[in-house]
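Summary of structural features
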Amino acid sequence: MPIPAVVPRFRGDAKIEWADHEYREPGAGELRLRIAANAICGTDRHEYYDGSPIVPGHEAAGIVADAGPGTTTAPGTCGVVYLMDFCGECRSCQVGATNQCFAKRGDVGQNTDGGYGPYAVVHETNFFPIGDELDLATATMLLDVMGTSSHALGRARLIRPDIESIFVAGAGPIGLGLLVTAKVRLGADFPVFISDVSNWRRTFAESLGAVSFAADDRDGIIAAGADMCFDSSGRQAARELALAASTRRGGLICVGHGEGLMLDVSRDLIAPERAVMGSEYFRYDELPENLELLRAHADYIGKVITHRLPVSELRNAFELFFSGQTGKVVITQEAE
Ligand SMILES: [Zn+2]
Ligand SMILES: [Zn+2]
């Protein structure tokens, strides 16, 4: 049976209206989830200001309400939604690189209804069960915060296995994710340098164990140096400074979308044997290890969430998040 519900409609220009909607029955291989939490992401800016024909929200956690034919996940199962509705059969998916699927069916919350509504219908293949111990707001940390960051850290270790320090340009949600992920994976004393234009964000990053710099403190950042550098800001100047700050055999991992990058290939790449690499979201098969880490460090990683607000406060939550003085803001709903 379709389920009628009232959902938030993003009309553009920061307008959110509530409207009637129907959630269809799950088809073969699909689950209908009752959404419990969805973390706001910087890329939601597009839907918030430009409007969206679907219900946005791509960092969702929920409970299986009902399951379509051919599925094995029981109603009542808690889990998170992996953004990419990967095919499972293409050359990338066959080797587990589900974030590079050649025949992706969609992105949940970007072109099919996502986590700011009370339900979502997703393929069972991109639902990840998490057990019952974690609260579902904290579980959203498995997605952009831990998932994207752990994947980027893994990319860095392909270039530099003997990594002893990192520098992160940008202390927004992905930058904070890199910080906490590096600390839980590489040790509480592992040096993480981070830069941002915002004092508030720098102070917040320091409270999580980073050494922080103003984004324009070129001398300080280069003097600190780091084995591998990451850009989550998307800014060209930040990328170029991060590359300059990386040591010999190091490099730059670009995680934030945005501007370009100018290279002096001899000086920047050949002589110091540095690399520049992109990193996009993460592989579905990285979720189990991140779940173990989140269970072991839920208090520390959970500090990245500074606000939990009910969905009735959705517009206020967006305004708060875009003020730049928050960590992750998670929207919660009654899912029982
Ligand atoms: Zn996101
Ligand atoms: Zn595929």
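Position labels on residues start from 1 in each chain and follow its written sequence. A letter from A marks each chain and a number from 1 marks each ligand, given out in the order of writing. At least 70 in pLDDT is required for a residue's local features to be given in this predicted model, at least 80 for side-chain atom pairs to be given and counted, and no such filter applies to totals for whole chains, interfaces and linings, which use all residues. By convention in this description, side-chain values take in all heavy atoms of the structure and omit both hydrogens and water.

Where an unreviewed UniProt entry is consulted, the protein appears under the name Alcohol dehydrogenase, with the organism given as Kribbella capetownensis. The UniProt entry for the protein carries the following comment under Cofactor (unreviewed entry): "Zn(2+)". UniProt positions are given in the numbering used here, feature names are shortened, and annotations may be inferred rather than shown by experiment.

Let us now look at the domain arrangement of the protein. Note: domain ranges come from an automatic or database domain assignment. On domain assignment, one finds that the protein holds domain 1 (3-132 + 304-332) and domain 2 (148-278). Placing the centre of domain 1 and that of domain 2 at their C-alpha centroids yields a distance of 29 Å. Taken together, the contacts link 9 residues of domain 1 with 9 residues of domain 2. Joining two parts hides part of their accessible area as seen by a 1.4 Å probe, and the buried area is that hidden amount summed over both. When domain 1 packs against domain 2, close to 690 Å² is buried across both sides, 73% of that on carbon and sulfur atoms. It is Val-304, Gly-324 and Gln-325 that lose the most area in domain 1 upon contact with domain 2, and together they represent 54% of the buried surface on that side. Put simply, a salt bridge is a Lys or Arg side-chain nitrogen that is within 4 Å of an Asp or Glu carboxyl oxygen. Our enumeration of links across domain 1 and domain 2 arrives at 0 salt bridges. N or O atoms closer than or at 3.5 Å make up a polar contact, with two conditions inside protein: a donor-capable atom paired with an acceptor-capable one, and, for residues adjacent in sequence, both atoms drawn from side chains. If you look at where domain 1 meets domain 2, you find 1 residue pair in polar contact (both at pLDDT 80 or more). Under the scheme applied, nonpolar residues are Ala, Val, Leu, Ile, Met, Phe, Trp, Tyr, Cys and Pro; charged residues are Asp, Glu, Lys and Arg; polar residues are all the others, including Gly. The class makeup of the residues in the side of domain 1 that touches domain 2 is 2 nonpolar, 6 polar and 1 charged. Residue contacts are counted whenever heavy atoms from the two residues lie within 4.5 Å of one another.

For the purposes of this entry, the term helix denotes a DSSP run of H or I that reaches at least four residues, the term strand denotes a run of E that reaches at least two, and both are numbered from the N terminus. Looking at where His-151 falls in the secondary structure, it is placed in helix 4 (residues 144-159). With relative accessibility at 10%, the residue His-151 sits in the buried group. Those residues in contact with His-151, other than ones at most four positions away along the chain, are Asn-99, Ser-279, Glu-280, Tyr-281, Phe-282, Arg-283 and Glu-286. For each residue, the accessible area found with a 1.4 Å probe, counting protein chains only, is set against the maximum for its type, and the residue is called buried under 20%, exposed over 50%, and partly exposed in between.

Let's shift gears to the coordination of the zinc ion (ligand 2). Listed donor atoms are N, O and S within 2.8 Å of the metal (Na, K and Ca: 3.2 Å). As water is not included, a site may look incomplete. All of the protein donors around the zinc ion (ligand 2) are Cys-87 (SG), Cys-90 (SG), Cys-93 (SG) and Cys-101 (SG); their distances to the metal are 2.3 to 2.4 Å. In short, tetrahedral needs four donors with all angles between 85 and 135 degrees, square planar needs four and octahedral six donors with opposite donors over 155 degrees apart and all other angles between 65 and 115, and whatever is left is irregular. Coordination at the zinc ion (ligand 2) is tetrahedral: its 4 donor atoms span angles of 103 to 117° at the metal. Each donor residue of the zinc ion (ligand 2) belongs to the same chain, with the gaps between them written as C-x2-C-x2-C-x7-C. Residue Cys-90 is found in the loop between strand 5 (78-81) and helix 2 (91-94), and its partner Cys-101 is found in the loop between helix 2 and strand 6 (119-123); the two are separated by 11 residues along the sequence. With respect to burial, Cys-90 and Cys-101 carry one shared label: buried.

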